[in-house]
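An overview of the molecular structure
For reference, the chains in residue letters:
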Amino acid sequence: MAAGLTKREQEVLELMAFGLSNKEIARRLSLGRRTVETHINHVLGKLDVSSRTRAVVEAGRAGLLGGAPANAQGHSLENRPNNLPFQLTMLLGREQDLIDVKILLEGSRLLSLCGSGGVGKTRLAQRIGVDLIGLYPNGVWFCDFSPIADQGLVPSVVAKALGVREQQGRPLPESIVGSLKRKHALLIFDNCEHVLAAAAELADEILHSCPNIRILVTSRQPLGIIGEVVHRVRSLALPETSAGLRADRAMRYGAVALFVDRAIGSDTRFTLTNDNAPVVADICRRVDGIPLAIELAATRVNVVGVHGLARSLDDRFKVLTAGSRTALPRHKTLTALMDWSYELLSRQEQRLFERLGIFAGSFRLEASEAACAGEGVSATEIVDLLIALVDKSLVVAQTEESEERYRLLESTRAYALERLTRTGERDALARRHAEFFRDQARSADERYGTGSSAGWLQGMELDLGNYRAALEWALAEGNDILLGGVLAGNLERLWALAGLSVEARRWLELAIDRVDEQENPAVAARLWRARARFSMAQPMRDCAERALALSESAKDARGAAYALRTLAYSLMQMGRLDEANDVIARAVAALREQGDRVGVASCLGLQGVSAYTQGDYAAGRRVYTQALAAYRALGDELATANALGNLAVLEFADGHAEQALRFVNESLLITSRGREANDLAIDLNNCAAYHLALGHLDEARESAREALRWAQLEQNACNTAVALQHLALLRASGGDGRAAALILGYVNARFDELEMARETTEKWCYDKLAAALSGKLSYAEIGALTGEGATWSEDRVLEEALST
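Note that the structure is predicted; figures quoted are calculated from it, not measured.

Moving on, we get to the sheet that holds strand E3 (residues 185-190). Taking strand neighbours across the sheet as the criterion, the 5 strands line up as E2-E3-E4-E1-E5 in an open arrangement whose pairing is parallel. Bordering the open sheet on either side are strand E2 (140-144) and strand E5 (228-232), each of which pairs with just one other strand. Within this sheet the neighbouring strands show an average axis-to-axis angle of 20°, counted without direction. Across the sheet, helix H10 (residues 196-209) lies against strand E1 (110-114), E3 and strand E4 (213-219), angled at about 165° from E4, the strand it touches most.

In structure tokens, the structure reads:
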């Protein structure tokens, strides 16, 4: 009990920590509204906590920090940046932990929730994220490491959660840190114990460089770095004695409250009474108040009743301890309960449960049927067996959009895998699992571009953990190099669209190194073509030429056509437009011969770029119109937006700013609904230029600022420089030539550093800016100011650019 509080005030405080309204607190405690308000005022007057923490408690009282997850979470999160999983059940028995952790987070930037498996660390962290989301303008981001086995994937998981993409020549951790430098956000690093070193290294780097980032960690052991504060998550509160325990008093203990809630979920007829309250309390004590163990036990109430459950547990622990309850260490309790739950399953349920451990993350019914059927479990039985395992809290059912998916909790998956290993079936299951996801990736790669590409990506991302597990088994462990090579090559588009280029290069290089090109030229060709996707200019050309040669040797006409398309793109990047035009014409002809509408549309897009780059606007307009019609017919909204954006650039280059603005606004209607920060930044930057050309200065400023925001989110140096150049022109147009020259100096330095030439729209803006400066400043003044701006830090130039 908090010092100085009465028992009733403590109860009020606990419910305040849940974010409940005064009305709900009054209902739960059977008190009047005015009485509750009096207690709340007394509580706030007595608590010796920081003013920030008091604000948290008061916000919780007003319902501003999330409310009870059972009915208010969606409302509290919908307008806040986050990726927190939706919770279907209440967090019970953690009222004091919620208060303690919130207070600790106020005073520390790295807080680790440590405790044994099944004690509820993840659930507590997620609820903290919900409750405190109002304090973090840039969001709360949940990074789950449980599906990965390789420490090298830790930065990829974090980058994926944050929406950070790798930049050419920049390590991914550096991009993550760069994206967070000016952010005020909370990161949750979940399940760190098996990737401790990598999680600690990344956390340390973030904390040293990003002053307004806090990290909440869940792990069975601390990270062990300077500045870490550890909060031990204990088992739920238990009554000291069960004898004579009444129902109303028993419900004040978290362990009993959780048992009752889950028991009612299993059997709506269940009621806690004065007669059975002592038995329930004794059951909770037998399982040491461990939340997962309580949930596993409570699901059996509908089968054996409370008294039968108590007898079963008593028998279980007598066997384990030879009659001495104190001989059973607490950390073995969960395993004992899982053994008990497992032994109560039918043999078919046991087999399926063991085999489901092979999945990393969630999975569809179809995947479980493909990987787990056989040797005693038929495919037709799996759906019923899955439902039975869900009912017994060993499998979690979750709905993604319209699709039902399933997953095992981290603790239950570890137990299932251990059991599967003992049976000797693990390698066979791993092979079936990898084969299923290889086939799924190949099918997805073939249908890409037909229908919504955003929907395609969303579906593929759900199985990212499973793809990683299959690659680990096939390639990293060397169990089936060919299978791993096929899978790696066909994941090209997933990695590209999801911003996982660092991870892509790692797997592709491993596969290229191990796949025998002589024996499997088609597989090697797909790998080289995928590798080209994550290169630029000459390195891209080298990869594309290798892919082309291998495709031709394998007599893979479609693969050769796509390799030609990639080769043409690399030649365009190198400025060799005549060669690029010849190559892309060959690709178009080959793809049309095969009836590949997606490939033809992508080639038309390249032809359009080439045409207007060479000043042939009529040809470019004609080709882009064809590409746009093709993308719309295919239903690919992201490719449609890209074509509209390119048409806008063409029209602007041809002197039609109003038409350009119409096209880019149409593109923005699509890109603004997606998650692609790079596309949004490009569209908004172009929009700013078109507004500038039309004299719409307020609209141009708004677009440039918004482009800068998205460019900073992605830490894209090129898009940032372009947005700053627009803002510099606006400053010059407003008469502030000095500030404009300083900003231009920084922009010029970035373009030189990136070795990038200004494209049509950027060149127009630069010429306008240079002309404006020459009318306000002398040549010497411009040179001195741009030289000074070139030495500025990004923080300084951003402050200057956004100051008006």
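A word on the environment of Arg632. Looking at the secondary structure, you find Arg632 in helix H32 (residues 617-634). The class of Arg632 is partly exposed, set by a relative accessible area of 42%. Non-local contacts of Arg632, meaning those with residues more than four positions away in its chain, are made with Thr640, Leu644 and Glu666.

The end-to-end C-alpha distance of helix H33 (residues 637-653), which contains 17 residues, comes to 24 Å, matching closely the 24 Å that a straight helix rising 1.5 Å per residue would cover. Of all the 17 residues making up H33, 13 are buried; the element is thus mostly covered by neighbouring parts of the structure. Structurally, the start of H33 carries an N-cap: the backbone nitrogen of Leu638 is 3.3 Å from a side-chain oxygen of Asp636. Two residues or fewer past H33, Gly655 is found with a positive phi of approximately 90°.

Turning next to the packing of helix H24 (residues 481-490) against helix H26 (residues 501-514). As a packed pair, H24 and H26 sit with axes 9 Å apart at the nearest point and diverge in direction by 140°. The angle between H24 and H26 falls in the class oblique. Between H24 and H26 the crossing geometry is left-handed. Where H24 abuts H26, its residues Ile481, Gly485, Ala488 and Gly489 lie against Leu508, Ala511 and Arg514.

Let us look at the nonpolar core. Counting residues in each nonpolar core, the largest one holds 234 residues, and the members touching the most others are Phe145, Phe189, Ile206 and Phe259. The contact partners of Phe259, leaving out residues within four places of it in the chain, are Phe270, Val280, Ile283, Cys284, Ile294, Ala297, Ala298, Val301 and Leu309. One finds Leu105, Val119, Ile133 and Leu216 within the second-largest nonpolar core, a separate group that totals 21 residues.

Moving on, we come to the confidence of the model for the protein chain. Residue-level pLDDT values for the protein chain average 86, and 88% of them are 70 or greater. Averaged pLDDT values for the elements of the protein chain fall to 41 in helix H5 (residues 69-77) and rise to 97 in H24. Long-range and interchain partners of residues 48-75, a stretch whose pLDDT sits below 50, account for 56 contacts in this model, where long-range means more than four residues apart. Contacts of residues 319-331 to residues separated by more than four positions or lying in other chains number 13 contacts, the stretch itself having pLDDT below 50.

Along its 17 residues, helix H30 (residues 577-593) runs 24 Å from first to last C-alpha, staying within 8% of the 24 Å computed at 1.5 Å per residue. Looking at H30, one finds that the buried residues are Leu577, Ala580, Val583, Ile584, Ala587, Val588 and Leu591. In an axial view of H30, the angular spread of the buried residues amounts to 145°, which keeps them on one side of the axis. Exposed residues lying more than 90 degrees from the buried face of H30 are Asp578, Asp582 and Glu593.

Another aspect to go through is the packing of aromatic side chains. Taken as a whole and assessed by the stated rule, the structure comprises 13 aromatic pairs. Taking 6.2 Å as the distance between ring centres and 35° as the angle between the ring planes, the aromatic pair formed by Phe353 and Tyr415 counts as tilted. Pair noted here: Phe353 is in helix H17 (residues 347-356) and Tyr415 is in helix H20 (residues 410-423), with a separation of 62 residues, a long-range link. In terms of burial, Phe353 and Tyr415 fall into one category: buried. Each ring, one from Phe652 and one from Tyr690, has its centre 4.8 Å from the other, and the planes form 40°; the classification is tilted. Taken together, the positions of Phe652 in helix H33 and Tyr690 in helix H35 (residues 677-694) put the pair 38 residues apart, joining distant regions of the chain. Just as Phe652 is buried, Tyr690 falls in that class too.

Here we take up the pairing of E3. Across the 6 residues of E3, 6 count as buried, placing the element largely inside the fold. Burial along E3 is two-sided: Ala185, Leu187 and Phe189 and Leu186, Ile188 and Asp190, pointing in opposite directions, are all buried. Pairing of E2 with E3 involves 5 bridges; the strand directions are parallel. Following the sheet pairing, Phe142 is matched in E3 by Ile188. As paired strands, E3 and E4 are joined by 5 bridges and run parallel to one another. Across the sheet, residue Ile188 finds its bridge partner in E4, namely Leu216.

A positive phi angle, near 60°, is found at Asp288, a position not held by glycine. Counting through the fold element by element, Asp288 comes out in the loop between helix H13 (277-286) and helix H14 (291-298). For Asp288, a relative accessible area of 9% puts it in the buried group. Here the phi dihedral of Lys555 falls at roughly 55°; this positive angle occurs in a residue that is not glycine. Among the structural elements, Lys555 can be located in the loop between helix H28 (537-553) and helix H29 (557-573).

Time to look at the environment of Arg252. Relative to the helices and strands, Arg252 resides in the loop between helix H11 (247-250) and helix H12 (254-266). Here the alpha-carbon distance between Arg252 and Glu11, two residues 241 residues apart in the chain, equals 8.9 Å.

On inspection of all chains with the given rule, the structure shows 43 salt bridges. The residue Glu492 makes a salt bridge to Arg526 at a minimum N-O spacing of 2.7 Å. In this pair, Glu492 is assigned in helix H25 (residues 492-497) and Arg526 in helix H27 (residues 521-533), connecting sequence segments 34 residues apart. Neither residue differs from the other here; Glu492 and Arg526 are each classed as buried. We note a salt bridge from Asp736 to Arg731, for which the minimum N-O separation is 3.1 Å.

Basis of the calculations
Residues numbered from 1 in each chain as written. Predicted model: local features only at pLDDT ≥ 70, side-chain atom pairs only at ≥ 80, totals over all residues. Heavy atoms only, no water. Pairing = 2+ DSSP bridges. Helix = DSSP H or I, 4+ residues; strand = E, 2+ residues; numbered from the N terminus. Axes fitted to C-alpha atoms, helices over the stretch in contact; angles between N-to-C directions. Contact = heavy atoms within 4.5 Å. Buried < 20%, exposed > 50% of the residue type's maximum accessible area, 1.4 Å probe, protein only. Expected span 1.5 Å × (residues − 1). Polar contact = N/O pair within 3.5 Å; in protein donor to acceptor, adjacent residues only side chain to side chain. Parallel < 35°, antiparallel > 145°, perpendicular 65-115°, else oblique. Left-handed = near helix turned anticlockwise from the far one by under 90°. Core = buried A, V, L, I, M, F, W, Y, C linked by side-chain atoms within 4.5 Å. pLDDT = per-residue confidence, 0-100. Arc of directions from axis to C-beta. Phe/Tyr/Trp six-rings, centres within 6.5 Å; stacked < 30°, edge-to-face > 60°. Salt bridge = Lys/Arg side-chain N within 4 Å of Asp/Glu carboxyl O.

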